[in-house]
Every structure is written in C-alpha cells, then in structure tokens.
Amino acid sequence: MLAQRIQTYLAARLAADGDVRVSNLHRIPGGASRETWSFDADWNEGFKDQHRGFIIRRDPDASLLVTDRDVEFRVMDAVAGQGIPIPKMYWLEQDSAWLERPFFVMERIDGCETSPEKVLMAPRFYQARSRIAEQFVQILARIHALDWATIGLDFLGVPESQATCAAIEIERWEAVLDRDALEPQPVLRAAFSWLRRHLPAPAQRIVVVHADHRTGNFLCNSDGEIKGVLDWEMTHLGDPMEDIAWACMRPWRWLGDEKIGGLLDRSDFYRMYSETAGMLIDEKAVRFWEVLGNVKFAAILLTGGRSFCDGRTRSVMMALVGRNIARLELEIMDLMEV
Amino acid sequence: MRPNGVESIRGIQAALTEVVSPEVQSEFTRNVLQTIQMLLESLAGEWDTAAEDLHKDNRKLADLLLLSAQAIRALPHSNDQLTSIVDEVEDVVSGEEQQSLVVSTMTATNNQLLATLERVLAVFGDGIDDAEYAGLAPVRRAIYQHLREVAVRGWSFWDAASFRERMARR
C-alpha cells in the first residue's frame, strides 16, 4: 500500500511524536514526466496537532522527458524566496527503497487550478484573465532577472558565451531526436538544418530559462493570483527569448485563437515583458526559438512514443502523444515559410 | 465482416462512455479514459484509408525523389555528396515497385523513402542560398507541399483546441 509506505517515510522525516496518518491519497492527472500524488498528513509534534497537504512527484516507469529529478528539486529549492511563487520543497529522496522509485516531496497549494481548460474556460476565472496574464509576464521577467550565480544555479551549466546559447539547445534536442525517433522525420531534420542557417544574435544576457513557462504550468486561484510556478525540469541557463518563444507557441493557444497562452495578444505580451524585464524583444530570435520550441516539443512526444513501443511503459498517454506530431510539423513548416 | 473495424471501435468508445465512465470516481482514472478515447479516435480516423494512403504516399514520394534526382543531375556542378544521393534515390525507388498492400510492408517502404527524402532535403537546404542550386527550388516546394498534405491528414488531439482556428482557415 502506497499510503502506508508514505506514512513510514514521513515518520522518518518529520519530528513526529508517534504515528503519522496519511489520508486522501490520490494521483493527479497531468505531469506526464513524473507521477504526481496528493495527500493529507496528520501528526503530533511538540504536543501540537499538525496537518499539512503534500505533493509527491515520483519517477515514472517511463516518461516524456528523461530528466534528473534532483535538477527540478534543486532549481525549485533555489528559486524559492526569490520573489517567484513556488511550492515549498521538503525532501528529495533518491533511495528507491521507500516508494519503489526516487521522488521528491513538496508543499500542496490548495484552492488553485492548473488545467488550461479550467483556468481559461471556467466562468469563475473569466474576470481574472487579465490579472493572470499580467502576472504570467511579470513572473517570467522575474525569473529572467534571477542572479543565478548567487543562488547556486550555475550547476545547470553555464554557456560559454551569449553567442552559444542557441547552438547548445539545437544539439540538446537533436540528440533527443537521434535517440528516440522510431521513423524518419524529414520535417524535423529539415528544421534542424534551418535552425543552423538562422542562428539568432547572441543572447542579450544569460538568464535562467524556465523552458516550460506556459498556461497549464502554474497554479492560480480565481482571483487571478498565480500561487505556484511548476515544471522546472527543463530549466537551464540560456537566452531569455527562448522562454518568450515557448510561451507563444501554438499548442498553448488553448482557446483556438491567436492569444498567447489563451491570455493576451502577442503585441501586449512583448510590450509588457519589455517594460518589466528591461530587455528588448528580438522578433527574429523569437521566430528561431519558436521553430526550435515546436521541434523540441515534437521530440518530447516522440520520446513518449519510443517508451511505449520499447515496452518501458504501457501508458496510453505515451501511445497517443507519439502519434501526434503532425500539427507540430505543419506549424514548423509555416514558421520556416516553406 | 460486420461490424467492421471502425464500427467496433465506436462500440468500444460507447461502452467506455456509457458503462465504464459513470462508475469511475477518480479524476486520474477519468483522465486515462479520456486519453483512451482520443487514442481510439485517432485509430478510427485512419482505419479505413490506411492502406490507400500509404500506397499513394509511397508513389508520390518515389515520384518526388525521382524529380529530385533529375534536378540534382541537371545542376551545373556535381560532387560526391550529390552523386551519392542520386545513387541512393535510384536504389530506393527501384525497390518501391513492390505490389504488396500489407500495411506493415508499405510502412517499411514508406520509411525507406522518407529516410532518403530526409537526405535530399538536407542537400536542398544546404544549397538554398546558392544561385547554382536555383533549379532545385520547384522540387523542394513540391516536397514540402506533399509533407504538408500528409501532416494535415494526421489526426491530432489539438484539433479540438489550439489548432482549431488555423485548420479552419486552410
């Protein structure tokens, strides 16, 4: 029983007088790179009853992304307290003996939603959309303003120079395609060739790139307050335009119109970001990063398909996503203007 | 044979919606059921025309590769890379003429043709800014037109959301 194993783990981690009781344990949809479990815990500590909601992110049997859970944990831990809303990180557990696979434990933020369907379409969020949009941009600007060396994020790997950021990401994602594609991918291969011929100008500065900042990856309440920025597993140091382009990608324009993330017009996004971050939007660079973003997303989906076909997972999600890069290919060809 | 493949998939989908789903309490399991529905929808969408689509794709790819080889041969200068790709095209296209309509056999052929197309597009991309390669442009456009037609045919779970408006404009 997973609940019992979690109880045993928490008893070893918390300064509890006696048993820890775990209740309401359930798995949360989404988060395809890791299993996400929510539960309540009750215990007694120093003669006081304690109650807290927790989230466990456990390594899956196979995943869309091959990432180290300690990268996500360390990044979130370092970023907490830097003016960016983030759940409190409690423990990183590499020992599979506790819950069969490595995992980490973090704070559960209640009263919020992440799913784009709810955040963008539920009537109680309608009034909050402009507030969400504003915070979405402000938070991105704050991430890009982080002093990554001071908070210890240089372990992510510092690009040799501002001019090498793009080439590093091309190589990173081409390697994923080399490793995981099960069939020839002429559009994606042509895109890598296009990217090498259209390298952007050097990054204005090297920043923390969240690398998955989009609607669907933050927790927000119906007052429009973003309470937690999630999914930091692809975070690296690089060009801020990479995050701008990723946020603009068509797959996250959930309402089927041209609004960025279903939240705001592209021109408003650019203007608000420039004003807040004090950096100019380089539209040529954004186009480059948008092509690379779509290629990267396709590569991620192909990784899921590979996991399924190799028998490392029976997840139907992995089967579905592996078959679903056609629309991304169309978008890539549009962006390349071919 | 009736019910045929698509009719059977529709039956499975109806059972999931009407019988299984109402019994499911957990949000996670409901989410898995939705994913299964989308996967079944994707399969149903290609079931009836899978063999014909592959057959046509393979013929079209073979034609495009032959046109590519002709265009490369017509270039004012050649080199080892260009000679090699022309040889590869001739080799792979001659193997395409098999008549099997078994989907897995046609898929294997499709993969061979696409692998060669990858390399042809690389050559075309390398020469895009070179005036000597201008003769390749019409074939390059035709190749991308075909890749677009194949991509438009592909079913996607985004059809219901973010790609809806763009697809409607096409």
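Residues numbered from 1 in each chain as written. Chains lettered and ligands numbered in written order. Predicted model: local features only at pLDDT ≥ 70, side-chain atom pairs only at ≥ 80, totals over all residues. Heavy atoms only, no water.

A.B. asks: Requested: an account of the overall build of chain A, with residues and values cited.
C.D. replies: The helix and strand inventory of chain A stands at twelve helices and nine strands. The globule rule puts the C-alpha radius of gyration for 338 residues at 20 Å, and the 20 Å found for chain A is close to it. Viewed in the frame of its principal axes, chain A has a C-alpha envelope of about 65 × 45 × 45 Å. For chain A, restricting intrachain contacts to residue pairs at least 6 apart in sequence, the fraction spanning at least 24 positions comes to 69%. Only carbon and sulfur atoms are counted for the fraction: they give 48% of the accessible area of chain A, which is about 13400 Å². Charge centroids of chain A, computed over 40 positive and 51 negative side chains, lie 2 Å from each other. (Helix = DSSP H or I, 4+ residues; strand = E, 2+ residues; numbered from the N terminus. Rg over C-alpha atoms; globule rule 2.2 N^0.38 Å. Contact = heavy atoms within 4.5 Å. Areas by Shrake-Rupley, 256 points an atom, 1.4 Å probe, with all protein chains shown as cover. Lys, Arg positive; Asp, Glu negative; His and termini not counted. Charge placed at Lys NZ, Arg CZ, Asp CG, Glu CD.)

A.B. asks: How would you explain the side chain of Ser68 of chain B if you had to name every residue and give the values?
C.D. replies: Within the fold, Ser68 of chain B resides in helix α3 (residues 50-73). With near-sequence residues (within four places) excluded, Ser68 of chain B lies in contact with Val120, Phe124, Val139 and Ile143 of chain B.

A.B. asks: Lay out the interface of chain B and chain A with the relevant residues and their values.
C.D. replies: Facing the 42 residues of chain B at the interface are 40 residues of chain A. Carbon and sulfur atoms supply 62% of the area that chain B and chain A bury against each other, a total of about 3700 Å² over both sides. Remark: the boundary between chain B and chain A carries four salt bridges. Its salt-bridge partner being Lys118 of chain A, residue Glu27 of chain B comes within 3.9 Å of it at the nearest N-O pair. (Buried area = accessible area lost by both parts, 1.4 Å probe. Salt bridge = Lys/Arg side-chain N within 4 Å of Asp/Glu carboxyl O.)

A.B. asks: Give a description of the pattern of salt bridges that names residues and reports values.
C.D. replies: Residue and element names in this part refer to chain A. Counted under the stated rule, the structure contains 45 salt bridges over all chains. A salt bridge links Lys118 to Glu113, with the nearest nitrogen and oxygen atoms 3.9 Å apart. The class for Glu113 is buried, based on a relative accessible area of 19%. Among the charged side chains, a network of salt bridges with common partners joins Arg34, Arg57, Asp59, Arg69, Glu72, Asp231 and Glu233. (Buried < 20%, exposed > 50% of the residue type's maximum accessible area, 1.4 Å probe, protein only.)

A.B. asks: Please provide a residue-by-residue account of the layout of surface pockets, values included.
C.D. replies: Volume-wise, the second largest pocket comes out at about 1300 Å³. Glu183 and Arg323 of chain A together with Glu46, Asn110 and Val150 of chain B are the residues nearest the centre of the second largest pocket, which is lined by 39 residues in total. Those elements that place two or more of their residues in the lining of the second largest pocket are α7 (186-197), α10 (283-309), α11 (316-322) and α12 (326-336) of chain A together with α2 (27-47), α3, α5 (103-126) and α6 (137-153) of chain B. Grouping the amino acids of the lining of the second largest pocket by side-chain chemistry returns 20 nonpolar, eleven polar and eight charged. (1 Å grid on protein atoms, 1.4 Å probe; cavity = no way out; pocket = protein on both sides within 12 Å on 5 of 7 lines; lining within 4 Å. Points joined across faces, edges and corners; volume = space filled by probe spheres on them. Nonpolar A, V, L, I, M, F, W, Y, C, P; charged D, E, K, R; others polar.)

A.B. asks: Describe the sheet that holds strand β3 (residues 48-58) of chain A, listing the residues and the values that go with them.
C.D. replies: All names here are of chain A. The strand order β1-β2-β3-β5-β4 describes an open sheet built from five strands, whose pairing is antiparallel. Sheet topology places β1 (21-28) and β4 (89-93) at the edges, where each strand pairs with a single neighbour. Taking the axes of each pair of neighbouring strands and ignoring which way they run, one obtains an average angle of 20° across the sheet. Where β3 meets strand β5 (residues 103-107), five bridges bridge the pair, whose relative direction is antiparallel. Its bridge partner lying in β5, Ile55 is registered against Met106. Where helix α2 (residues 69-79) meets the sheet, its contacts fall on β3, β4 and β5, and the angle it forms with β4 comes to roughly 160°. (Pairing = 2+ DSSP bridges. Axes fitted to C-alpha atoms, helices over the stretch in contact; angles between N-to-C directions.)

A.B. asks: Which residues make up the nonpolar core, and what values do they have?
C.D. replies: All names here are of chain A. The biggest cluster of nonpolar side chains holds 126 residues, and the ones touching the most others in it are Phe269 and Tyr273. Ranked by the residues each element gives to this core, the list is headed by α10, at 13 residues. Here Phe269 is in contact with Phe136, Val137, Leu140, Ile244, Ala247, Cys248, Ile260 and Leu264, once residues within four sequence places are set aside. Judged by nonpolar contacts, the second largest core, of 19 residues, contains Leu2, Ala3, Ile6 and Ile56. (Core = buried A, V, L, I, M, F, W, Y, C linked by side-chain atoms within 4.5 Å.)

A.B. asks: Account for the confidence of the model for chain B, naming residues and giving values.
C.D. replies: Averaged over all residues, the pLDDT of chain B is 88; the fraction at 70 or higher stands at 90%. When pLDDT is averaged over each element of chain B, α3 of chain B comes out on top at 96 and helix α7 (residues 164-169) of chain B at the bottom at 51. (pLDDT = per-residue confidence, 0-100.)

A.B. asks: Please provide a residue-by-residue account of the pairing of strand β2 (residues 35-45) of chain A, values included.
C.D. replies: Residues and elements named next belong to chain A. Buried residues dominate β2, accounting for eight of its eleven residues. Across six bridges, β1 lies against β2 in antiparallel orientation. Residue pairing for β2: Arg27 is matched across the bridge by Trp37. The pairing of β2 with β3 spans eleven bridges and is classified as antiparallel. Bridge pairing in β3 links Asp42 to His51. In sequence, β2 turns back onto β3 through a hairpin of two residues, with Gly46 there showing a positive phi of about 60°.

A.B. asks: Requested: an account of unusual backbone geometry, with residues and values cited.
C.D. replies: In terms of backbone geometry, most residues other than glycine have negative phi values and most peptide bonds are trans. Between Arg2 of chain B and Pro3 of chain B the backbone carries a cis peptide bond, its omega angle lying at -5°. Along the chain, the position of Pro3 of chain B falls in the segment before α1 (5-20). Positive phi is not limited to glycine here, since Asn24 of chain A has a value of about 55°. The residue Asn24 of chain A is located in strand β1 in this model. A positive phi angle, close to 80°, is found at Ala211 of chain A, a residue other than glycine. The residue Ala211 of chain A is located in the loop between β6 (207-209) and β7 (218-220) in this model. Since its relative accessible area comes to 1%, Ala211 of chain A is described here as buried.

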